[in-house]
Amino acid sequence: MTPRSWLYVPGHRADRVAKALAAGADAVVVDLEDAVPPAQKATARETALRLASQGLHERSLWVRVNDPTGPWGEDDIDALAGLELTGLRVPRCEDPAVIREVATRAGLPLQLLLESAAGLARAAELATAHPLVAGLGLGEADLSADLRVTGDDGLAWARGWVVVAARAAGLPSPVQSVYTDVADLDGLRASTERAKANGFVGRSVVHPRQIPVVHEVFTPTSAEVAAARAVLSAAARAQEAGEVAVLDADGRFVDPAVVRRARLVHDLTEPSEPPSGGTS
């Protein structure tokens, strides 16, 4: 199933990590970066290593490493390389050459976070920097500061651009950045609905109470699921007949574009096998 929620948890807080794994998010992101004080970086890394070695996680397990060009990033990447993780989230991505080096050393799928004007400007290059690049996303707090944006609307074009860059490279739709006002669930819902309408699939969250709202927005309704199944059945019949387009049982025209949309609905509702061996 395509993850709808990605729950960040600070790696140095073992108590919170255990709760996060049981909180019901589709994916858990153990954070070694922003949420971890400098003195606790090694502790956070050990938490990620322990989780990877246990192999007990039943959902997608990602680790957000530190800036690969900074003082802790290289140690994070070398320690986690090739372990049983779904992948790494890499912050402050700007240089495709750095991403190629990280991918080669880590041997794991990478989600790249664009958090600066320089990174955003090279989004298309970063998306195709290495076959292990598995997705793009925005780090909106840092990006807003770098762009000197003073309101949420100022990031609308950046969100549109990262959607284009990801899809042009054949990557999954981007995951929307966190909504930091944990108490404002109505605001979270409105923001997440806009993200969905603008091409994002799934959202990062920072508290378990945000998970149900994100799941409600990104979970197709029963009517949408039934319609998608009908489209996929019609497409299968068309393929058997050597056709690329057909009318479904209700007389609606089904072509490849309609089929792609139906497959996304399917991927948001049908369970998949838990990832292993560093693949997703």
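Residues numbered from 1 in each chain as written. Predicted model: local features only at pLDDT ≥ 70, side-chain atom pairs only at ≥ 80, totals over all residues. Heavy atoms only, no water.

As for the overall build of the protein
Alright, step 1. Across its full length, the protein carries 12 helices and nine strands.
Alright, step 2. Burial status across the protein gives 45% buried among its 280 residues.
Alright, step 3. Intrachain contacts of the protein at a sequence separation of at least 6 include 67% that bridge at least 24 residues. (Helix = DSSP H or I, 4+ residues; strand = E, 2+ residues; numbered from the N terminus. Buried < 20%, exposed > 50% of the residue type's maximum accessible area, 1.4 Å probe, protein only. Contact = heavy atoms within 4.5 Å.)

Regarding helix α10 (residues 211-218)
Alright, step 1. Burial runs high along α10: six of the eight residues are buried.
Alright, step 2. For α10, every residue scored as buried is listed here: Ile211, Val213, Val214, His215, Val217 and Phe218.
Alright, step 3. Those residues of α10 that are buried are in contact with β1 (5-10), α9 (185-197) and β7 (203-205).

Topic: the packing of helix α2 (residues 41-54) against helix α3 (residues 73-80)
Alright, step 1. Remark: α2 packs on α3, axes separated minimally by 10 Å, with the N-to-C direction vectors making an angle of 15°. As judged from the angle between their axes, α2 and α3 are roughly parallel. In this structure, α2 crosses over α3, and the sense of that crossing is right-handed. Residues Arg45, Ala48 and Leu49 of α2 form the contact with α3, whose own contacting residues are Asp75, Asp76, Ala79 and Leu80.
Alright, step 2. When grouped by side-chain class, the residues that make up the contact of α2 with α3 number four nonpolar, no polar and three charged. (Axes fitted to C-alpha atoms, helices over the stretch in contact; angles between N-to-C directions. Parallel < 35°, antiparallel > 145°, perpendicular 65-115°, else oblique. Left-handed = near helix turned anticlockwise from the far one by under 90°. Nonpolar A, V, L, I, M, F, W, Y, C, P; charged D, E, K, R; others polar.)

Points about the sheet that holds strand β5 (residues 110-114)
What holds strands together in a sheet is hydrogen bonding between their backbones, with the strands either parallel or antiparallel.
Alright, step 1. Pairing is parallel across the open sheet formed by seven strands, whose spatial order is β6-β5-β4-β3-β2-β1-β7. Each edge of the sheet is formed by a strand with only one pairing partner; in this case those strands are β6 (133-138) and β7. Each strand axis lies, on average, 25° off the axis of its neighbour in the sheet, ignoring direction.
Alright, step 2. For β1 and β7, the ladder comprises three bridges, and the chain directions are parallel. Bridging across to β7, Leu7 finds its partner in Val205.
Alright, step 3. Across the face of the sheet, helix α8 (residues 156-168) comes into contact with β5 and β6 while running at roughly 170° to β6. (Pairing = 2+ DSSP bridges.)

Brief notes about the pattern of salt bridges
If charged atoms from side chains of opposite charge come close, those side chains can pair.
Alright, step 1. In this structure the tally under the stated criterion is 14 salt bridges.
Alright, step 2. Asp76 is the partner of Arg45 in a salt bridge, and the nearest nitrogen-oxygen pair spans 2.7 Å. Of this pair, Arg45 sits in helix α2 while Asp76 sits in helix α3, and the two are 31 residues apart along the sequence.
Alright, step 3. With its nearest N and O atoms 3.0 Å apart, the salt bridge here joins Glu125 to Arg122.
Alright, step 4. By sharing partners, the salt bridges in this structure join Asp31, Glu33, Asp34, Arg64, Arg92 and Asp142 into a single network. (Salt bridge = Lys/Arg side-chain N within 4 Å of Asp/Glu carboxyl O.)

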